[in-house]
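A structural walkthrough
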Amino acid sequence: MGILEVKGVNKRFGGLQALGNVNLSVKENTVHAIIGPNGAGKSTLLNVLVGKLIPDTGSVMFDGQSVLGRKPYQINQMGISRVFQTPEIFGDLTVFENVMIPCFAKRDGAFKLNAVGDMLGQKDLIEKAEQMLIDVNMIDKRNMHSASMSRGDKRRLEMAMCLVQEPKLLLLDEPTAGMARADTNNTIDLLKEIKAKRDITMAIIEHDMHVVFSLADRITVLALGTPLVEDAPENIKGNPKVREAYLGE
Ligand code: ADP
Ligand code: MG
């Protein structure tokens, strides 16, 4: 049994079957990549996992409990955090304040910007946020205005905002999209470091095969909304079905 078990998930948008009978099992403490051509249904699947979309049929079990019917914040409290395709940070706040907000959100079930005003009394949360900034090598930037950071640092901060919630499952939707090679490699290193430091499962959607093959223990290939192959990375490259799925790209 995986920490995440998706069974028979279907999702239609009008006449379009975005997900068709998706089965996926993600084992605890592994990095599981979900790849596939544009329009394959990767983001739709992720949105189902975080409760932003409700599938027409099927089941999604996380850590032994059903995710379906729960609101995104409740799923977040169950231990699933998501890194968005574009960084979602609060530009007007400092780096440290940005990391505090998800700490409050995990505890209170809501993102409250005004919580920052109450921050000083929260010794345990402050220590957690500081440790997180040390872990991602951003402690020297703690008082920096977030909007003025480089793209790579914004991505790193956003990762810290997810990790500070101590998720059991981290979902990443194209975490290196639009990055230059150097930032991509930094992100790979950061994810490897995080993986080495704590018990965490990652499900990563990624176009960049260099990222996928650097990180993944297992790979699921989605095509036209349906899993085509699930295998170890070394068996994916030469798989003729996978090549065929990408030919249309
Ligand atoms: P991927 O992330 O693999 O590129 P998506 O999950 O974004 O693919 O999309 C899968 C298919 O579903 C695409 O054909 C897309 O156009 C369609 N789709 C996604 N979201 C919606 C939506 N909210 N309404 C209608 N069609 C959608
Ligand atoms: Mg997508």
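Rules behind the numbers
Residues numbered from 1 in each chain as written. Chains lettered and ligands numbered in written order. Predicted model: local features only at pLDDT ≥ 70, side-chain atom pairs only at ≥ 80, totals over all residues. Pairing = 2+ DSSP bridges. Helix = DSSP H or I, 4+ residues; strand = E, 2+ residues; numbered from the N terminus. Contact = placed C-beta atoms within 7 Å. Axes fitted to C-alpha atoms, helices over the stretch in contact; angles between N-to-C directions. Buried ≥ 20, exposed ≤ 12 C-beta atoms within 10 Å, placed from the backbone. Near = placed C-beta within 6 Å. Domains from an automatic or database assignment. Nonpolar A, V, L, I, M, F, W, Y, C, P; charged D, E, K, R; others polar. Expected span 1.5 Å × (residues − 1). Core = buried A, V, L, I, M, F, W, Y, C linked by C-beta atoms within 7 Å.

**Considering the sheet that holds strand β1 (residues 4-13)**
Spatially, the four strands line up as an open sheet ordered β2-β1-β4-β5, and their pairing is antiparallel. The sheet is open, and its two edges are formed by β2 (16-26) and β5 (65-66), each paired on a single side. Where helix α1 (residues 42-49) meets the sheet, its contacts fall on β1, β2 and β4 (57-62), and the angle it forms with β2 comes to roughly 65°.

**Observations concerning the environment of D231**
Positionally, D231 belongs in strand β10 (residues 226-231). In this structure D231 comes out as partly exposed when scored by C-beta crowding, with 14 C-beta atoms within 10 Å. Linking D231 and V221, residues ten residues apart in sequence, is a C-alpha distance of 8.8 Å. Sequence-distant contacts of D231, defined by excluding residues within four places in its chain, comprise I219 and I236.

**Description of the site of ligand 1**
Contacts to ligand 1 come from F13, L16, A18, G36, N38, G39, A40, G41, K42, S43 and T44. Of all elements in the fold, only β2 and α1 reach the threshold of two or more residues within the shell around ligand 1.

**A short note on the domain arrangement of the protein**
Splitting the protein by domain gives domain 1 (1-79 + 169-249) and domain 2 (87-166). Taken together, the contact between domain 1 and domain 2 spans twelve residues of the former and twelve residues of the latter. If you list the elements that add at least two residues to the side of domain 1 that touches domain 2, you get α2 (72-78) and α6 (181-197). Take the side of domain 1 that touches domain 2: its biggest share by element is six residues, from α6. Split by residue class, the side of domain 1 that touches domain 2 holds six nonpolar, four polar and two charged.

**Re the environment of R151**
Within the secondary structure layout, R151 lies in helix α5 (residues 151-163). Placed 32 residues apart in sequence, R151 and D183 show a C-alpha to C-alpha distance of 8.6 Å.

**Re α5**
If you check α5, its first and last C-alpha atoms are 18 Å apart, about what 13 residues at 1.5 Å a residue would give, namely 18 Å. For α5, the buried fraction is high: eleven of the 13 residues fall into the buried class.

**With respect to the nonpolar core**
Core analysis: the biggest nonpolar cluster contains 65 residues, and V99, L133, A160 and L171 have the highest contact counts within it. By residue number, the principal contributor to this core is helix α3 (residues 95-108), which donates eight residues. Counting only domains with at least three residues in this core, you end up with domain 1 (1-79 + 169-249) and domain 2 (87-166).

**A short note on the sheet that holds β10**
Read across the open sheet, the six strands follow the order β6-β7-β8-β3-β9-β10; overall the sheet is mixed. Whereas interior strands pair on both sides, the edge strands pair on one side only; in this sheet they are β6 (80-83) and β10. Each adjacent strand pair in this sheet contributes to an overall mean axis angle of 20°, direction not counted. Where strand β3 (residues 31-35) and strand β9 (residues 218-223) come together, four bridges link them in parallel fashion. Bridge assignment links I35 to a residue of β9, and that residue is V221. On the sheet, α5 packs against β6 and β7 (169-173) and is oriented at approximately 170° with respect to β6.

**As for the pairing of β2**
Relative to β2, β1 runs antiparallel, the two being bridged by seven bridges. When the sheet's bridge partners are listed, V9 is paired in β2 with V22. Following β1, the chain reverses through two residues before pairing antiparallel with β2; G14 in that reversal takes a positive phi of roughly 60°.

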